[in-house]
Amino acid sequence: MADLEAVLADVSYLMAMEKSKCTPAARASKKLILPDPSVRSVMYKYLEKENELHFQKIFNEVLGYLLFKDFCENDSDEPIQQLKFYEQIKTFEKTECYDERKKLAREIYDNFIMEEMLSHTYDYSKDAVASVQKYLLKNEVPVDLFEPYMEEIFTQLKGKPFKKFLESDKFTRFCQWKNLELNIQNVELPESFSMELRSLLEMLLQRDVPKRLGCMGNGADEVKMHSFFCGIDWHQVYIQKYTPPLVPPRGEVNAADAFDIGSFDEEDTKGIKLNDTDQDLYRMFSLTISERWQQEVSETVFETVNSETDRVEQKRKAKQKQHFDTDEKESDCILHGYIKKLGGSFASLWQTKYAKLYPNRLELHSESGNNKPELIFMDQVEDISSDFILHKNENCIQIRINDGSRDGRIILTNSDEIGLKEWASSLRSAHKLSQDLLGSMAKKAGKIYGSERDGNKTMYILGGNCSTKTSNGSN
């Protein structure tokens, strides 16, 4: 897996060099712009659905850790010593010199164990301190000396500190970075690429694994049979008789690993075949090499982008707060955030709206927030497209409505692919729950009024009245 990541990193580097004409200034000029903080609502649902909204997952991500650390050091109401303890232990474990490790072990023991025991603030088990003391008394400092404390540190950090972090602005910032990471895969392919090459890349870069070339049932044969490879003799490829179309100059690509890559010769690679275990590694291979991407971001633009985003958000925060509550914590709002609606003259323009989805309605607020929102009640909705429709070269959600005064469709889209999927899923769920509720009430009314038909007629009236009632946070 690491070898494939290195190759992909090299390819990305080569493409970036070509696109930027090899000038560092041109590469640096492409700024990363984080999405609006309201993306938190979408990303919370996405991370929860993907089982990534838990301590270990976020803590072990480079940017997640940096933002959690920032929260602990600057935003927490109470001091969180466990994180400093954890960092000191990790430094100790990475220290190779035995004498330096002995010195650091004593400092950790004095500052994070003895000091807390003397001040009666020690919050760890007796077994943990006994284990450390046993080795120190023998003047031994194995790399795993403080291992008994690690699980207890994690237990404490994933409790109240992590729960508070999830409620903080630092988690919102994590959602912004995560959303950017997931959507940055939408690569614009150069027009110079042939139709066959574009098709190959688009199919290989499919986010949905079952639709990805090579993952639809026939493995590598799917790739081999693609039209881009028409005329290729795969037996000649296997016995290495083809001349490579490109031989990168040694030492110029992925400098840290270029010589390792170059060291592969015929004896190293001939006859190698992927077994079932190897296939399992690549079957669910993610499009984003998250760890490498986050590591590079953290070492280069992380602080700069955060500072610039803080400055921009501070300017608009007061104005935005008048119109949109970005938390909606006290309401029954299912999802909220910016979305685009097809409107204007002849329904030909994309209008930016701030949408709020409640169990019984969808509110579409103007960007300024000065006008009354457009209300779409769930009992007016006849159908929500089960899949995206293509409109004006955009993937869109189509809502068909009929409320007596209008009979047509509402088209919604979003440049945020993750967000668009969450909006589609949440809209369909809200609509289904609304239908189920109205159907259940209709049956009860039918029993009361003596017939299913009368019940349904009554429920149509009741449904209209119910739909005009507002949930928490409504106008």
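Worth saying up front: this structure is predicted, and the values here are computed from it rather than measured.

Quick notes on the rules
Residues numbered from 1 in each chain as written. Predicted model: local features only at pLDDT ≥ 70, side-chain atom pairs only at ≥ 80, totals over all residues. Heavy atoms only, no water. Helix = DSSP H or I, 4+ residues; strand = E, 2+ residues; numbered from the N terminus. Buried < 20%, exposed > 50% of the residue type's maximum accessible area, 1.4 Å probe, protein only. Contact = heavy atoms within 4.5 Å. Areas by Shrake-Rupley, 256 points an atom, 1.4 Å probe, with all protein chains shown as cover. Expected span 1.5 Å × (residues − 1). Bend = angle between axes of the 7 residues up to and from the residue. Axes fitted to C-alpha atoms, helices over the stretch in contact; angles between N-to-C directions. Parallel < 35°, antiparallel > 145°, perpendicular 65-115°, else oblique. Left-handed = near helix turned anticlockwise from the far one by under 90°. Nonpolar A, V, L, I, M, F, W, Y, C, P; charged D, E, K, R; others polar. Phe/Tyr/Trp six-rings, centres within 6.5 Å; stacked < 30°, edge-to-face > 60°. Lys NZ or Arg CZ within 6 Å of the ring centre and 35° of its normal. Patch = residues over 30% accessible without salt bridge, like charges linked within 9 Å, V, L, I, M, F, W, Y side chains within 5 Å. Salt bridge = Lys/Arg side-chain N within 4 Å of Asp/Glu carboxyl O. Core = buried A, V, L, I, M, F, W, Y, C linked by side-chain atoms within 4.5 Å. Polar contact = N/O pair within 3.5 Å; in protein donor to acceptor, adjacent residues only side chain to side chain. pLDDT = per-residue confidence, 0-100. Pairing = 2+ DSSP bridges.

Novice: What is the right way to read the overall build of the chain from this model?
Specialist: Scanning the chain from N- to C-terminus turns up 21 helices and 8 strands. For the chain, with 475 residues in total, the buried portion stands at 36%. Taking all contacts inside the chain whose residues are at least 6 apart in sequence as the whole, residues at least 24 apart take part in 62%. When the accessible surface of the chain is split by element, carbon and sulfur atoms take 52% of a total near 29,400 Å².

Novice: I'm lost on helix α7 (residues 98–118) in this one. Help?
Specialist: Think of an α-helix as turning once every 3.6 residues; residues three or four places apart then point the same way. Between its first and last C-alpha, α7 extends 28 Å over 21 residues, near the 30 Å set by a 1.5 Å rise per residue. Taking the largest bend as the criterion, α7 deviates by roughly 35°, centred on Asp 110. Among the residues of α7, Arg 101, Leu 104, Ala 105, Ile 108, Tyr 109, Phe 112, Ile 113 and Glu 116 are the ones counted as buried. As for α7, its buried residues are in contact with α6 (81–94), α8 (126–137) and α9 (147–157).

Novice: How do you make sense of the packing of helix α11 (residues 169–183) against helix α18 (residues 290–299) when you look at a structure like this?
Specialist: The description of two packed helices rests on the angle between their axes and on the distance between the axes. Direction vectors running N to C along α11 and α18 enclose 125°, while the axes themselves pass 11 Å from each other. In terms of orientation, α11 and α18 fall into the oblique class. As for the relative orientation of α11 and α18, their crossing is right-handed in sense. Residues Trp 177, Lys 178, Leu 180 and Glu 181 of α11 form the contact with α18, whose participating residues are Ser 290, Trp 293, Gln 294 and Val 297. When the residues that make up the contact of α11 with α18 are grouped by side-chain class, the tally is 4 nonpolar, 2 polar and 2 charged.

Novice: Help me out: how do you make sense of helix α5 (residues 62–75) in this one?
Specialist: Here α5 contains 14 residues, and its C-alpha end-to-end distance of 19 Å stays within 8% of the 20 Å for a straight helix at 1.5 Å per residue. Val 62, Leu 63, Gly 64, Tyr 65, Leu 67, Phe 68, Phe 71 and Cys 72 are the residues of α5 that are buried.

Novice: Help me understand the environment of Thr 352, please; the structure alone is not making it clear to me.
Specialist: One can find Thr 352 in strand β2 (residues 349–358). Filtering out sequence-adjacent residues up to four positions away, Thr 352 remains in contact with Tyr 338, Ile 339, Lys 340, His 365 and Glu 367.

Novice: How should I be thinking about the packing of aromatic side chains in this particular structure?
Specialist: What describes a pair of aromatic rings is the distance from one ring centre to the other and the angle between the planes of the rings. Going through the model one piece at a time under the given rule, you end up with 28 aromatic pairs. On the basis of an interplanar angle of 75° and a centroid distance of 5.9 Å, the ring pair of Phe 165 and Phe 171 is categorised as edge-to-face. Neither Phe 165 nor Phe 171 differs from the other in exposure class; each is buried. An aromatic cluster is built from Tyr 44, Phe 55, Phe 59, Tyr 65, Phe 68, Phe 71, Tyr 86, Phe 154, Phe 162, Phe 165, Phe 171 and Phe 174, whose rings are joined through pairwise contacts. Positioned above the aromatic ring of Tyr 358 is the side chain of Arg 361, whose terminal nitrogen or guanidinium carbon lies 4.0 Å from the ring centre.

Novice: I'm lost on a nonpolar patch on the surface in this one. Help?
Specialist: A cluster of nonpolar side chains, contributed by Ile 232, Val 237 and Tyr 242, occupies part of the molecular surface with about 230 Å² of accessible area. Considering the arrangement of structural elements, one finds Val 237 in helix α14 (residues 234–238).

Novice: Is there a simple way to think about the nonpolar core in this case?
Specialist: Generally speaking, nonpolar side chains in soluble globular proteins are found buried as a group. Counting residues in hydrophobic clusters, the biggest one holds 77 residues, and the most contacted among them are Phe 146, Tyr 149, Trp 177, Leu 362 and Ile 399. When residues of this core are assigned to their parent elements, the largest contribution, 7 residues, is made by α5. With sequence-adjacent residues up to four places away left out, Phe 146 is seen in contact with Ile 89, Phe 92, Ala 105, Ile 108, Ile 113 and Val 132.

Novice: Can you walk me through the pattern of salt bridges in this structure?
Specialist: When charged atoms on two side chains of opposite charge get close, those side chains can pair. A full pass over the atoms with the stated rule returns 14 salt bridges. Residue Glu 422 pairs with Lys 49 through a salt bridge whose shortest N-O separation is 2.9 Å. A residue pair is termed long-range when its members are at least 10 positions apart, and Glu 422 in helix α20 (residues 417–449) and Lys 49 in helix α3 (residues 39–49) qualify at 373 residues. Overall, Glu 422 belongs to the buried group, its relative accessible area being 5%. Residues joined in a network through salt bridges with shared partners are Glu 61, Lys 178 and Glu 181.

Novice: So what exactly am I meant to see when it comes to the packing of α5 against α11 here?
Specialist: As a packed pair, α5 and α11 sit with axes 9 Å apart at the nearest point and diverge in direction by 165°. As far as their axial angle goes, α11 and α5 are roughly antiparallel. The way α5 lies across α11 gives a crossing that is right-handed. Within the contact between the two elements, α5 uses Leu 63, Gly 64, Leu 67, Asp 70, Phe 71 and Asp 75 and α11 uses Lys 170, Arg 173, Phe 174 and Trp 177.

Novice: Would you mind showing me how to read unusual backbone geometry here?
Specialist: In terms of backbone geometry, most residues other than glycine have negative phi values and most peptide bonds are trans. Of note in this structure, Gln 240 is not a glycine but carries a positive phi near 60°. Its identity is not glycine, yet Asn 393 carries a phi of approximately 65°, on the positive side. Among the secondary structure elements, Asn 393 is positioned in the loop between β6 (389–391) and β7 (394–402).

Novice: Looking at this structure, I do not really get the side chain of Gln 398. What am I missing?
Specialist: Relative to the helices and strands, Gln 398 is located in strand β7. Of the residues examined, Gln 398 reaches a relative accessible area of 9% and is grouped as buried. Looking at Gln 398, its side chain comes within polar contact range of the side chain of Arg 409, at 2.7 Å. If we skip the residues at most four places from it in the chain, Gln 398 touches Asp 383, Ile 384, Ser 385, Ile 389, Arg 409, Ile 410 and Ile 411.

Novice: Help me out: how do you make sense of the confidence of the model for the chain in this one?
Specialist: The predicted structure's coordinates, where accompanied by low pLDDT, should not be read in detail. Averaged over every residue, the pLDDT of the chain is 81; residues scoring 70 or more account for 75%. Low confidence marks residues 16–29, where pLDDT is under 50. Its contacts with residues over four positions away, or in another chain, come to 5 contacts.

Novice: How should I be thinking about the pairing of β2 in this particular structure?
Specialist: Sheet topology places strand β1 (residues 335–343) next to β2; 9 bridges connect them, and they run antiparallel. Within β2, the residue paired with Gly 343 across the bridge is Leu 349. Pairing of β2 with strand β3 (residues 361–366), which is carried by 6 bridges, proceeds in the antiparallel orientation. Across the sheet, residue Lys 356 finds its bridge partner in β3, namely Glu 363. In this structure, the hairpin formed by β2 and β3 is closed by a connection of 2 residues.

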